[in-house]
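Read off the chains here:
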Amino acid sequence: GMRFLLLFSRQGRLRLQKWFTPTPEREKKKIIRDMTTMVLARKPRSCNFLHWRDLKIVYKRYASLYFCLALEDQDNELLALEILHRYVELLDKYFGNVCELDIIFNFEKAYFILDEFLMGGEIQETSKQIVNRSIEASDMLQETMEEYMSKPAF
Amino acid sequence: MPAPIRLRELIRTIRTARTQAEEREMIQKECAAIRSSFREEDNTYRCRNVAKLLYMHMLGYPAHFGQLECLKLIASQKFTDKRIGYLGAMLLLDERQDVHLLMTNCIKNDLNHSTQYVQGLALCTLGCMGSSEMCRDLAGEVEKLLKTSNSYLRKKVTLCAVHVIRKVPELMEMFLPATKNLLSEKNHGVLHTSVVLLTEMCERSPDMLSHFRKLVPQLVRILKNLIMSGYSPEHDVSGISDPFLQVRILRLLRILGRSDDDSSEAMNDILAQVATNTETSKNVGNAILYETVLTIMDIKSESGLRVLAINILGRFLLNNDKNIRYVALTSLLKTVQTDHNAVQRHRSTIVDCLKDLDVSIKRRAMELSFALVNGNNIRGMMKELLYFLDSCDPEFKADCASGVFLAAEKYAPSKRWHIDTIMRVLTTAGSYVRDDSVPNLIQLITNSVEMHAYTVQRLYKALLDDISQQPLVQVSSWCIGEYGDLLVSGQCEEEEPIQVTEDEVLDVLEGLLVSNLSTPVTRGYALTAIMKLSTRFSSVNRIKKVVSIYGSSIDVELQQRAVEYNALFKKYDHMRPALLERMPIMEKTATNGPTEIVQTNGETEPSVLDTKHPPPVTQPANQVRANDLLDLLGGNDVVPVIQTTLPTKPASAGGELLDLLGDLSLTGIPPMTAYNKNGLKIEFTFERANPNPNIAVITIHASNSTEADMTDFVFQAAVPKVSRHSLELILKCLIMKHSRVNSLFNQNCATVF
């Protein structure tokens, strides 16, 4: 199963961190440091796979954001590239031509979308439409509340 | 009281900060405001404040004071609150916090909520970061929910069950009933997560594995439908229907087919179908092919299928896409042992990958290349690998050098080739060679008797060029010390012998002693080499001078050696020739390969003169064979010896010592204890010498079991009237058990009369 997913900019600023196994805070910071250093140091036309500790790291750059996924030994690296791509597609559908700013200003939405696609280190839903519909419905619940209170929740 | 600033507003503000300090100031101000808001137990804006806190947490700032607030949000009735609360819990809480457990009740309630999206939140949180205690407490709820027909919930609950099993494996049994008809689901999300659950159970329990083997036909059918079905917009990825599900099914088939002939046969056809029909123009198709290959190689597939799989990997190697080349090399590495011949067919492609620009690919290609080396391709492969060693990044050199040595040792077509290969590695990657290679190489060189002159000549020439690479320098010094006589007498047959004088050789060795580039270990090698040349060269005076100078060296190791060698010159000169004579063929102490040769400080000096680590006599007397007497490489075990060898004599003469030993049985005379008093024990063992059985070898073991040193130990042997030249006493070494002997020469040596 997947261990963690990190999104960071070309300057190494973290935009999203999803941990699929319990990890102490200090360890998280170290991992983030290691990942950003390693991935940002890669030459432009290298392959998208790295080895780190006992994990396989799959990374891909989309515009100004690096998507970095940690896999266990039996996970399929080529499929992991498809997983990353699917997530980007979901974000793109939701935000419309998604860019880094969308993820910065709406990070909680990025998490909500992720939580409809993946869970506990495994793929939860393989249909794009179903994920989109779930998010729309959840958003609707939230909006109903906000209408009721006549102000944005946050 | 003004409403707290909104989340997006805060983000915008923080991003205007031009320096880290400015940002920190803004954050601190906002945190203070949030803290006071929390203190006031403000329900309306708690959600907003926690959201802001989560943003600041992502920037790297502490947010622990928000942990309890997350719990309050989770307990709230508002969906928005719960959404942020659960997100906060997943980001800020981990199982180490006690607060974590307080979530349990909230989650339990939300698992039974009327709104499926609330249930979903609870399931997601539990399935992501539920601790073992939480899992134990809530396993019953999870099991209950597994029965739901709501596909949105089913897929989440299933993955939640997977998490529970991972955290508390003993609970696996309780989910077994729910797995009935698991695969009759039509919904892909549910189907996918069900396959994940089945996989988890089968991996953890052999009983479950046998139980679920009956699902193979069903899995095969589902996979077949996925491949054969037409375009399905909901699950299509570049013309392939639900690749995620396909890969997951292939993985489960792998586990079910492993070590089971029937299951493997049942999936044979579908695997062949997937392998031949999958579109390979895009990554997604190759992802499926990759998984298929892994499955074929792991189950008991028929040979035709295996060859098909290896050929797919071979084609992967030629793919433009680096990622695909990389996974091909990784997979081939896994299969090279079991399908060696099939992988050999792709050897040239693999070797080409050594020249790839990508570092990850190069490493895999190197590992695979070494795995493919055998007696038939050694010359060609070594050429490529040595070329790789020349030009590769430093991070590879040590591993590559070790690999070359190993391969050369196993498959060298000739001794000359072997020495040349070693030379090539030492001169091109000398600084990266591992320390333990030095004694291995010395042993190899020693045992290639006919190559000594050639080897020492080449090593000498290499030293003239470059003295910076320590392993090279150490091996060279040792060889020059050992074979220096061959060097100056110009005996080389393999190539044009060089003209070099004794003084020139000594110049080089002395140069090593003074050079900044030499490590202390290297200096030790050099000094000992110089000493050994005193019995091979005629310029003894020069050597004496060098040795006496280093008697006051600051380096303790060097000083000790010099002092001992000095003593050898002054007091024990008659022993010097024997002590410094040519090393015999060394036997390996273990059969596991070169790295098993025992040595502690990288030295292979005759331990005769190395008393830094006086070891106890651990070898029981009757295990010593004749050759072992000279096996001074046996780790720290230095065997004390006084060896008696007798030349052969015609059998007709009577009364010779030989006759007394004439009835030595093949197993020899049993060992005897000659003396055992006051802690001093002397044992004699008797053996026929090997290879000359007419020589009897008597080994004397003296051991001291007291806590004190025994000094002034004098050994005297009285022999019957036998001409002295028939009796050769060679004092090699004498050590004392339990004693802290600082110098060999505290004792008087044996005299014979």
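As shown above, the structure is provided for reference.
Residues numbered from 1 in each chain as written. Chains lettered and ligands numbered in written order. Predicted model: local features only at pLDDT ≥ 70, side-chain atom pairs only at ≥ 80, totals over all residues. Heavy atoms only, no water.

## Describing the packing of aromatic side chains
Threshold: Side-chain rings of Phe, Tyr and Trp, where Trp is taken by its six-membered ring, are said to pair if the distance between their centres is within 6.5 Å; with planes under 30 degrees apart they count as stacked, over 60 as edge-to-face, and otherwise as tilted. Helix and strand definitions here come from DSSP, where helices need a minimum of 4 consecutive H or I residues and strands a minimum of 2 consecutive E residues; each element is numbered from the N-terminal end. Residue burial is assigned from relative accessible area. The probe radius is 1.4 Å, only protein chains are included, and a residue is buried under 20% of its type maximum, exposed over 50%, and partly exposed in between. Should the NZ of a Lys or the CZ of an Arg lie within 6 Å of a ring centre and within 35 degrees of the ring normal, that charge is described as sitting over the ring.
Across all of its chains, the model carries 11 aromatic pairs over all chains by this definition. With centroids separated by 5.2 Å and ring planes inclined at 45 degrees, the aromatic side chains of Phe4 of chain A and Trp19 of chain A adopt a geometry described as tilted. Taken together, the positions of Phe4 of chain A in strand S1 (residues 2-9) and Trp19 of chain A in strand S2 (residues 14-19) put the pair 15 residues apart, joining distant regions of the chain. Classification of Trp19 of chain A by relative accessible area gives buried; the value is 11%. Its guanidinium or amino end placed over the ring of Phe112 of chain A, Arg83 of chain B lies 4.1 Å from that ring's centre, counting from NZ or CZ. Lying over the aromatic face of Trp478 of chain B, Lys532 of chain B brings its terminal NZ or CZ to 4.5 Å of the ring centre.

## Regarding helix H8 (residues 132-145) of chain B
All names here are of chain B. Stated formally: A helix is expected to reach a length of 1.5 Å times the quantity of its residues less one. Bend at a given residue is defined as the angle between two axes, one fitted to the seven residues that end at that position and one fitted to the seven that begin there. For this analysis, residues touch if any pair of their heavy atoms sits within 4.5 Å.
Its 14 residues give H8 an end-to-end C-alpha distance of 19 Å, which sits within 8% of 20 Å, the value for a rise of 1.5 Å per residue. For H8, the principal kink sits at Leu138 and spans about 55 degrees. Of all the positions in H8, only Met134, Cys135, Leu138, Ala139, Glu141, Val142 and Leu145 are classed as buried. Packing partners of the buried residues in H8 comprise helix H6 (103-111), helix H7 (116-129) and helix H9 (151-167).

## Examining the interface of chain A and chain B
The condition is simple: Buried area counts how much accessible surface, traced with a 1.4 Å probe, disappears from two parts once they are put together, with both parts' losses summed. Salt bridge criterion: a side-chain nitrogen from Lys or Arg within 4 Å of a carboxyl oxygen from Asp or Glu. Whenever two N or O atoms come within 3.5 Å, that pair is a polar contact, provided that in protein one can donate a hydrogen and the other can accept it, and provided that, for residues adjacent in sequence, both atoms are side-chain atoms. In this classification, Asp, Glu, Lys and Arg are treated as charged, Ala, Val, Leu, Ile, Met, Phe, Trp, Tyr, Cys and Pro as nonpolar, and every other residue, Gly included, as polar.
Contacts between chain A and chain B engage 66 residues on the former and 73 residues on the latter. For the pair chain A and chain B, the summed buried area comes to about 6500 Å², and 57% of that belongs to carbon and sulfur atoms. It is Leu78, Met119 and Phe154 of chain A in chain A that bury the most area against chain B; as a group they hold 12% of the surface buried on that side. Run the count over chain A and chain B and you get 8 salt bridges. Two residues, Glu116 of chain A and Lys156 of chain B, come together in a salt bridge whose shortest N-O distance is 3.3 Å. Summed over the shared surface of chain A and chain B, the number is 29 residue pairs in polar contact (both at pLDDT 80 or more). Broken down by element, the residue count for the side of chain A that touches chain B peaks at 13 residues, all from helix H5 (residues 128-149) of chain A. Residue composition of the side of chain A that touches chain B, grouped by class: 28 nonpolar, 16 polar and 22 charged.

## What about the sheet that holds S2 of chain A?
Residues and elements named next belong to chain A. Basically, it comes down to this: Should DSSP find at least two bridges between two strands, the strands are regarded as paired. Every axis corresponds to a line fitted to the C-alpha atoms, with the helix fit spanning only the stretch in contact, and the corresponding angles, defined between N-to-C directions, vary from 0 to 180 degrees.
With antiparallel pairing, the 5 strands of this open sheet are ordered in space as S2-S1-S5-S4-S3. The outermost strands of the open sheet, each flanked by one partner alone, are S2 and strand S3 (49-52). Within this sheet the neighbouring strands show an average axis-to-axis angle of 20 degrees, counted without direction. Judged from the 4 bridges that link them, S3 and strand S4 (residues 55-62) form a sheet pairing that is antiparallel. Among the inter-strand pairings, Leu50 is bridged to a residue of S4, identified as Ile57. Set on the sheet, helix H2 (residues 77-95) makes contact with S1, S2, S3, S4 and strand S5 (65-71); between it and S4 the angle comes to about 40 degrees.

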